[in-house]
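Listed below are the residues making up each chain.
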Amino acid sequence: MEWGLYKKIVKDAVDFGIEKIQLHFQGEPLLYKRFPDMVKEAKKYGLSTQVFTNGLPLTEKKADEIILAGLDSLRFSVDGASQETYELNRVGGEFKKVYRNMAMMVDRAKKRKSSIDLLWQFIALSNNEHEIEKAKKLAKTINIPFFVKTFAESVPGLTPRNPKFRRKLHVKPCTDIYRSTFVYYTGEVVVCCYDLEGQHVVGDLKEQSLIEVWNSEKYKTMRTHINNADQNPEDEPEICKNCLKWTHKDYLPQAVSLIDGEKRLTSDLNGANDLV
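Anyway, here's the lowdown on the structure attached to this text. What you are looking at is a predicted structure, and each value in this text was computed from that prediction instead of being measured.

## Thoughts on the side chain of Arg-75
Consideration 1: Here Arg-75 shows up in strand β3 (residues 73–77).
Consideration 2: A polar contact is formed between the side chain of Arg-75 and the side chain of Gln-121, at a distance of 2.6 Å.

## Some words on the sheet that holds β3
Consideration 1: Read from one edge of the open sheet, five strands run β1-β2-β3-β4-β5, paired in parallel fashion. The sheet terminates laterally at β1 (20–22) and β5 (146–149), the two strands that pair on one side only. With strand direction ignored, the average angle separating the axes of adjacent strands in the sheet is 25°.
Consideration 2: Inspection of the sheet shows strand β2 (residues 48–53) paired to β3 by four bridges, in the parallel sense.

## Notes on the pattern of salt bridges
Consideration 1: Enumeration according to the criterion identifies 19 salt bridges in this entry.
Consideration 2: The partner of Glu-41 in a salt bridge is Lys-44, with the nearest N and O atoms 3.4 Å apart. Here the residue Glu-41 and the residue Lys-44 both occupy positions in helix α2 (residues 35–44), the gap between them amounting to three residues, near one helical turn.
Consideration 3: Looking at Lys-44, the relative accessible area reads 55%, which means it is exposed.
Consideration 4: Each of Glu-60, Asp-64, Arg-108 and Arg-112 takes part in salt bridges that share partners, so that together they form one network.

## Some details on the pairing of β5
Consideration 1: Of the two faces of β5, both are covered, the one formed by Phe-146 and Val-148 as well as the one formed by Phe-147 and Lys-149.
Consideration 2: Strand direction decides the pairing type here: strand β4 (residues 117–123) and β5, joined by four bridges, are parallel. Along β5, the bridge assignment pairs Gln-121 with Phe-147.
Consideration 3: Taking the sense of rotation as the criterion, the β-α-β connection linking β4, helix α6 (residues 132–142) and β5 turns out right-handed.

## Remarks on α6
Consideration 1: Within α6, burial applies to Ile-132, Ala-135, Ala-139 and Ile-142. An end-on view of α6 places all buried positions within 85° of arc, on one side of the element. Relative to its buried face, α6 has exposed residues pointing more than 90 degrees away, namely Lys-137, Lys-140 and Thr-141.
Consideration 2: Next to the buried residues of α6 lie α5 (95–111), β4 and β5.

## Observations concerning the packing of aromatic side chains
Consideration 1: By the definition in use, this model includes twelve aromatic pairs.
Consideration 2: Considering the side-chain rings of Phe-25 and Tyr-184, the 5.5 Å spacing of their centres and the 10° angle between planes classify their relative orientation as stacked. On the criterion of sequence distance, the pair formed by Phe-25 in the loop between β1 and α2 and Tyr-184 in the loop between β7 (182–183) and β8 (188–190) is long-range, its members being 159 residues apart.
Consideration 3: Overall, Tyr-184 belongs to the buried group, its relative accessible area being 14%.
Consideration 4: Residues Phe-95 and Trp-120 carry aromatic rings whose centres are separated by 6.5 Å and whose planes lie at 45° to one another, so their mutual orientation is tilted. Linking Phe-95 in helix α5 with Trp-120 in strand β4, this pair joins segments that are 25 residues apart in sequence. The two residues Phe-95 and Trp-120 agree in class, both being buried.
Consideration 5: Through a chain of ring-to-ring contacts, the aromatic side chains of Tyr-86, Phe-95, Tyr-99, Trp-120, Phe-122 and Phe-146 assemble into a single cluster.

## Some details on the nonpolar core
Consideration 1: By size, the foremost hydrophobic cluster in this structure holds 45 residues, and its most contacted members are Phe-35, Met-105, Trp-120 and Ile-144.
Consideration 2: Elements with a contribution of two residues or more to this core: α1 (3–16), α2, α3 (60–69), β3, α5, β4, α6 and β5.
Consideration 3: Sequence-distant contacts of Met-105, that is, excluding residues within four places in its chain, are made with Leu-58, Ala-63, Ile-66, Ile-67, Leu-74, Phe-76, Ile-116 and Leu-118.
Consideration 4: By size, the runner-up hydrophobic cluster in this structure holds 18 residues, among which are Cys-174, Leu-205, Leu-210 and Val-213.

Definitions and limits used
Residues numbered from 1 in each chain as written. Predicted model: local features only at pLDDT ≥ 70, side-chain atom pairs only at ≥ 80, totals over all residues. Heavy atoms only, no water. Helix = DSSP H or I, 4+ residues; strand = E, 2+ residues; numbered from the N terminus. Polar contact = N/O pair within 3.5 Å; in protein donor to acceptor, adjacent residues only side chain to side chain. Pairing = 2+ DSSP bridges. Axes fitted to C-alpha atoms, helices over the stretch in contact; angles between N-to-C directions. Salt bridge = Lys/Arg side-chain N within 4 Å of Asp/Glu carboxyl O. Buried < 20%, exposed > 50% of the residue type's maximum accessible area, 1.4 Å probe, protein only. Right-handed = clockwise from strand over helix to strand, strands pointing away. Arc of directions from axis to C-beta. Contact = heavy atoms within 4.5 Å. Phe/Tyr/Trp six-rings, centres within 6.5 Å; stacked < 30°, edge-to-face > 60°. Core = buried A, V, L, I, M, F, W, Y, C linked by side-chain atoms within 4.5 Å.

Okay, here's the thing in structure tokens:
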């Protein structure tokens, strides 16, 4: 992303009233050389900052730069507790390296007396659920909080055997569209994190402010079609019809309503409000 565009997006977010920015979207954020500067720019305006990473590009230098920049939350996505299992889900990854990097980040944060929130996220799959207990012990050894994330059943063959690790769907209409928006590196805006190919671009922050995009006819129409998905399913955006988080009330008996505060996407409050 061009630096000038990023600075504009941050200012737009603040003007809009956004309080938290996630510095990732379907890519590895730590590969961007100016990532610490991105954090600094957001913190300059008082925004809460979070990033998800596979942890492999992390070095001591990067760790210190990230901590000093003021990043609030860093989540490691590590879906295995051995090389054999880990590389099934992170092709080309090295488990020993990422585990070493997590331990190093915990150590650097402690030495810097940082309040950064660190977390090991483990997505439960059929090929790794047997290692969850092992992963918990490994996490405890290096003093990093551990969180098992349920699997959104995008690949049936990877569905966990244990039902408690399977994603329970919420009943439509989707409310995520009122608490988040997503921006490509180009500045184009989409309404959902599952829109990986820009099927429903609703604006462009190179040309518009975020407030203008939010109030645009394109965005309003998308919200209307999503809100009325039950009454007018023929108008529901194509990307929403096979959503991995939200479903029509008549489709699945195990669907749960977002209104029920006792039922969460996970058994742990860490990640309970995740968008995916």
